[in-house]
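# What the coordinates show
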Amino acid sequence: MVHFLRIGALLGGLLVFAGCSTLAPVDPQTSAPIGQATPAGASATATAATGTEAAASNAASAASAPERVDPLASLPAPTGRPPQASAPVASLWDRIRAGFAMPPLASPLVAEKERFYLQRPDYLQRMFSRGSRYLFHIVEELEKRGMPTELALLPFVESAMNPVALSHAQAAGLWQFIPSTGRAYNLQQDWWVDNRRDVVKSTEAALDYLQKIYAMHGNDWFLALASYNWGEGAVARAVRQNQARGLRTDYLSLKMPAETRHYVPKLMALKNIVLRADELGVALPPVPNRPYFVTIEKTRPIDLKLAAQFAGMSVDEFVALNPAHNRPVIAASRNNQIKLPADRIDAFMAAVERHGRANRAFATWQPHTLQPGETLDALAQRGGIAVAELREANDLRPGQRILPGTRILAPQRAVEDETRVERFEGPRVYELVERPAAYHTVRRRETLASIARRYGTTIANLKAWNALVKGVHAGMNLLVRPASAQTLLTTEDGDRRVVRTRTDEPRIMHAVLRREQAAPEPQEQAAPAAAKPSRSARPAARHAGAHKQGATRSKTAAKKVRAADRDDAAASAPSRRPAKRANKRT
């Protein structure tokens, strides 16, 4: 049975496709129905049943659901199709055991991995409890494709069933897709979302890939699993090498890295633990044989915290079901689906309706261009959040000195057009990067020429910077790189380039920074005062503290520069945010 919920004009146009039943709330302003029915089968991936339905009802209604189009339908069907239960199964663990279809693996490593897991009962329990949110969906998808349910345990091996796990090789999500393979299987990865972490989308991609490599290796699941870990090309080469030597080509006979050698035994050890849990004294957490979550399609943006609040969940609980979203606002045009516990839907929809009737904004995070004199601290305070949260939301590094003209997402107390966030591609950041002066102590036999070569400069520069008339002598402290500052622009696409370079004493740097903060706001797509001064203008600019940027500066701006020179006051640095949490694959 395919259940699908769609949020319409107020995030409230709810259409539930469960057999023939359709619910359509009304617009609080006009009392007219909101939204229109979506054609049957409009979303093949939006699958979930309400938490109160019995498993028998699920099976009976499945026959009337729209047939799923399998992009790999032409591939050979996997051998050992899991048996279909003839009666309702109370526990999902029983259903998983009934679908086991892989042969035993005759390797002592299996027993070794069993001991590893059994000696860590707390770790085992955390994995199984975390996986209880996702297992039903994975088992459903496996059974639809006729694949063995041992594969439902593979995310325990890959990521310890952690959807935000990230490996050193940048593999992400339950199924640990590296970026290139994720893109090959249509898993969107950008500033807004990373669908390698989306439970539904990544599961579909992983099973597509497993079916492909299963067929590629002659319907051998052990070789397919080795390919999933090591790479299909690497396994194929190992098979050809054994064939050329007249050796067996099964999984246990191939020469492979230690990680791959231990990979399949880990899965088989978990299978044995689930199969003999009572005998081994393992208390599996109760997992009912029904969907844990439902998928909702929305047609407008909504703040992530607000969505969690509507569902009566903490932000951490909400993110556990929606880990693909990178930002504090969920933009409908990037990933228009959110997942909620099946038993929270009624409360969620009631909260959405109340919020809409009160004419309150659903998406308060909106694009904002930093004005002259405006700081991140002040912007965060106005939005009622910590500056660390504002920095993290926009991927601003700790210690970055952000300049006016920077365009970021920020919470707004008054929102006139919530859809503006849909047109935001990513931050456009101007920052001041200062480099301190560098000095070199002259050693015996060193000359100006050798020192200039070492530091990539010229003899003329060294003489000018140090007011030298003659050469150098041992023990002299020589300025080899003056203090400098650059204005760097990071565009929405992540491109990073210098838009202005300054070299002068620190007091002049501070004066220029003061001038930038007082300058009029630039156009959104233009760098603030980005044009470089002509060669003839640069020396005068360094001494006067004012560059020419293609136009004559007003008298008012010149006065501000001179006042800043007199004050010699440094600009205050923005607050730092804590480093992002690094998640590693177990």
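Residues numbered from 1 in each chain as written. Predicted model: local features only at pLDDT ≥ 70, side-chain atom pairs only at ≥ 80, totals over all residues. Heavy atoms only, no water.

### Considering the overall build of the protein chain
We apply this condition: The way it works is that DSSP assigns letters per residue, a run of H or I at least four long becomes a helix, a run of E at least two long becomes a strand, and they are numbered from the N terminus. Relative accessibility under 20% of the residue-type maximum defines a buried residue, over 50% an exposed one, and the middle range a partly exposed one, all with a 1.4 Å probe and only protein chains included. In what follows, residue pairs with any heavy atoms lying within 4.5 Å of each other are defined as contacts.
The helix and strand tally for the protein chain stands at 22 helices and 13 strands. Relative to its full complement of 586 residues, the protein chain shows a buried share of 49%. Restricting the contact set of the protein chain to residue pairs at least 6 apart, pairs at least 24 apart contribute 70%.

### Examining the pairing of strand β2 (residues 293-298)
Just so we agree on the cut-off: The criterion for strand pairing is that DSSP finds at least two bridges linking the strands in question.
Most of β2 is tucked away, with 6 of its 6 residues classed as buried. Here β2 shows no split at all, with Phe293, Thr295 and Glu297 on one side and Val294, Ile296 and Lys298 on the other all buried. Bridging between β2 and strand β5 (residues 337-341) involves 5 bridges; their strand directions are antiparallel. By the bridge assignment for β5, isoleucine 296 is matched with isoleucine 338.

### So, the environment of methionine 102
Relative to the elements of secondary structure, methionine 102 occurs in the loop between α2 (92-98) and α3 (108-118). The exposure class assigned to methionine 102 is buried, which follows from its relative accessible area of 5%. Residues methionine 102 and methionine 268 lie 166 residues apart in sequence; the distance between their C-alpha atoms is 9.0 Å. Each residue touching methionine 102, except ones within four places of it in the same chain, is listed here: Pro148, Glu150, Leu151, Trp221, Phe222, Leu225, Met268 and Lys271.

### Overview of the pattern of salt bridges
Defined as follows: One speaks of a salt bridge when a side-chain nitrogen belonging to Lys or Arg is within 4 Å of a carboxyl oxygen belonging to Asp or Glu.
Under the counting rule described, the total for this entry stands at 28 salt bridges. Among the ionic pairs, glutamate 431 bridges to arginine 397, the shortest N-O distance being 3.3 Å. Pair noted here: glutamate 431 is in strand β9 (residues 429-435) and arginine 397 is in the loop between α17 (387-393) and β7 (401-402), with a separation of 34 residues, a long-range link. Residue class for glutamate 431 comes out buried when judged on its relative accessible area of 2%. Linked by salt bridges that have partners in common, Arg95, Glu140 and Glu143 make up one network.

### Points about the environment of methionine 216
Position of methionine 216 relative to the elements: it lies in helix α8 (residues 199-216). Under the relative-accessibility criterion, methionine 216 is labelled partly exposed at 40%. Distance from methionine 216 to glutamate 232, taken between C-alpha atoms, is 8.5 Å for residues 16 residues apart in sequence.

### Comments concerning the side chain of asparagine 335
This is how the line gets drawn: Whenever a nitrogen or oxygen atom comes within 3.5 Å of another N or O atom, the pair is scored as a polar contact, on the condition that within protein one atom can donate a hydrogen and the other can accept it, and that pairs from neighbouring residues in sequence are kept only if both atoms are in side chains.
Take asparagine 335: it is sitting in the loop between β4 (329-330) and β5. In this structure the side chain of asparagine 335 is engaged in a polar contact, spanning 3.1 Å, whose partner is the side chain of asparagine 195. Sequence-distant contacts of asparagine 335, that is, excluding residues within four places in its chain, are made with Val193, Asn195, Asp198, Lys201, Lys298, Ala324, His325 and Ile330.

### Brief notes about the packing of aromatic side chains
Heads up, the rule is: Planes of paired rings set the category: under 30 degrees apart is stacked, over 60 is edge-to-face and the rest tilted, where pairs are Phe, Tyr or Trp rings (Trp by its six-membered ring) whose centres lie within 6.5 Å. Placement of a positive charge over a ring is assigned whenever Lys NZ or Arg CZ falls within 6 Å of the ring centre and within 35 degrees of the normal to the ring plane.
In the structure shown here, the tally under the stated rule is 11 aromatic pairs. Where phenylalanine 310 meets phenylalanine 362, the ring centres are 6.2 Å apart and the plane angle is 75°; that geometry is what we call edge-to-face. Of this pair, phenylalanine 310 sits in helix α13 (residues 304-310) while phenylalanine 362 sits in the loop between α15 (345-357) and β6 (365-369), and the two are 52 residues apart along the sequence. According to the relative accessible area criterion, phenylalanine 362 is buried, its value standing at 1%. In this structure an aromatic cluster arises from ring pairing among Trp93, Phe128 and Phe156. Over the aromatic face of tyrosine 251 sits the side chain of arginine 261, whose NZ or CZ is 5.8 Å from the ring centroid.

### Some points on the nonpolar core
Heads up, the rule is: Among buried residues, those of type Ala, Val, Leu, Ile, Met, Phe, Trp, Tyr and Cys that are joined through side-chain atoms within 4.5 Å constitute a nonpolar core.
Judged by nonpolar contacts, the single largest core of 90 residues is most densely connected at Trp175, Leu210, Tyr228 and Phe348. Not counting residues up to four positions away in its chain, the partners in contact with leucine 210 are Met147, Leu151, Leu154, Trp175, Trp221, Leu225 and Tyr228. If you look at the next biggest cluster of nonpolar residues, it comprises 23 residues, including Trp191, Trp192, Trp365 and Val429.

### Regarding helix α18 (residues 448-455)
Going by this rule: Directions are taken from the helix axis to each C-beta atom, and the arc is the one they span.
Taken together, the buried positions of α18 are occupied by Leu448, Ile451 and Ala452. Down the axis of α18, the sector holding all buried residues measures 100°, keeping them to one side. Of the surrounding elements, those touching the buried residues of α18 are β10 (438-441), α19 (459-466) and β11 (477-481). Looking one or two places after α18, you find glycine 456, whose phi comes out positive at around 65°.

### A closer look at the confidence of the model for the protein chain
Low pLDDT means the predicted atomic positions in that stretch should not be read closely. For clarity, the threshold we go by: The quantity called pLDDT is the predictor's confidence in a given residue, expressed from 0 to 100.
For the protein chain, per-residue confidence averages 78 on the pLDDT scale, and 70% of positions sit at 70 or higher. Ignoring residues within four places in sequence, the model shows residues 1-10, a span with pLDDT below 50, making 59 contacts including any to other chains. Predicted confidence is poor over residues 504-586, with pLDDT under 50, and the contacts of this stretch with residues over four places away or in other chains come to 130 contacts.

### Describing unusual backbone geometry
Peptide bonds are trans in most cases, and residues, glycine excluded, mostly fall at negative phi. We note that methionine 161 has phi near 55°; this positive angle belongs to a residue other than glycine. Counting through the fold element by element, methionine 161 comes out in the loop between α6 (154-159) and α7 (179-184). Residue methionine 161 is classed as buried on the basis of its relative accessible area, which comes to 0%.

### Notes on the packing of α8 against helix α9 (residues 221-230)
The condition is simple: The angle between two axes is taken between their N-to-C directions and runs from 0 to 180 degrees, where each axis is a line fitted to C-alpha atoms and a helix contributes only its stretch in contact. Angles below 35 degrees are treated as roughly parallel, those above 145 as roughly antiparallel, those between 65 and 115 as roughly perpendicular, and all remaining angles as oblique. What makes a crossing left-handed is the near helix being turned counterclockwise from the far one by less than a right angle; a clockwise turn instead makes it right-handed. Gly is put with the polar residues, along with every residue not named as nonpolar or charged; the nonpolar set is Ala, Val, Leu, Ile, Met, Phe, Trp, Tyr, Cys and Pro, and the charged set is Asp, Glu, Lys and Arg.
Where α8 contacts α9, the two axes come as close as 8 Å, and the packing angle between them is 125°. On the basis of the axis angle, α8 is oblique to α9. Read as a crossing pair, α8 and α9 show a hand that is right-handed. Residues Ala206, Tyr209, Leu210, Ile213 and Tyr214 of α8 lie in contact with α9, whose contacting residues are Trp221, Ala224, Leu225, Ser227 and Tyr228. Of the residues contributing to the contact of α8 with α9, the split by class is 9 nonpolar, 1 polar and no charged.

### Concerning the side chain of lysine 298
To keep it simple, the criterion reads: For the charge count, each Lys or Arg is scored as positive and each Asp or Glu as negative, with His and the chain ends excluded.
Of note, lysine 298 is situated in strand β2. Buried and unpaired, lysine 298 has glutamate 422 as its nearest opposite-charge partner, separated by 5.8 Å. Polar side-chain contacts of lysine 298 include one of 3.2 Å to the backbone oxygen of isoleucine 330.

### Here's the deal with the packing of α18 against α19
Relative to each other, α18 and α19 sit at 100°, their axes nearing to 9 Å. Here α18 is positioned roughly perpendicular relative to α19, judged by the angle of their axes. Between α18 and α19, the contacting residues are Leu448, Ala449, Ile451 and Ala452 on the first element and Ile459, Leu462 and Lys463 on the second. When grouped by side-chain class, the residues that make up the contact of α18 with α19 number 6 nonpolar, no polar and 1 charged.

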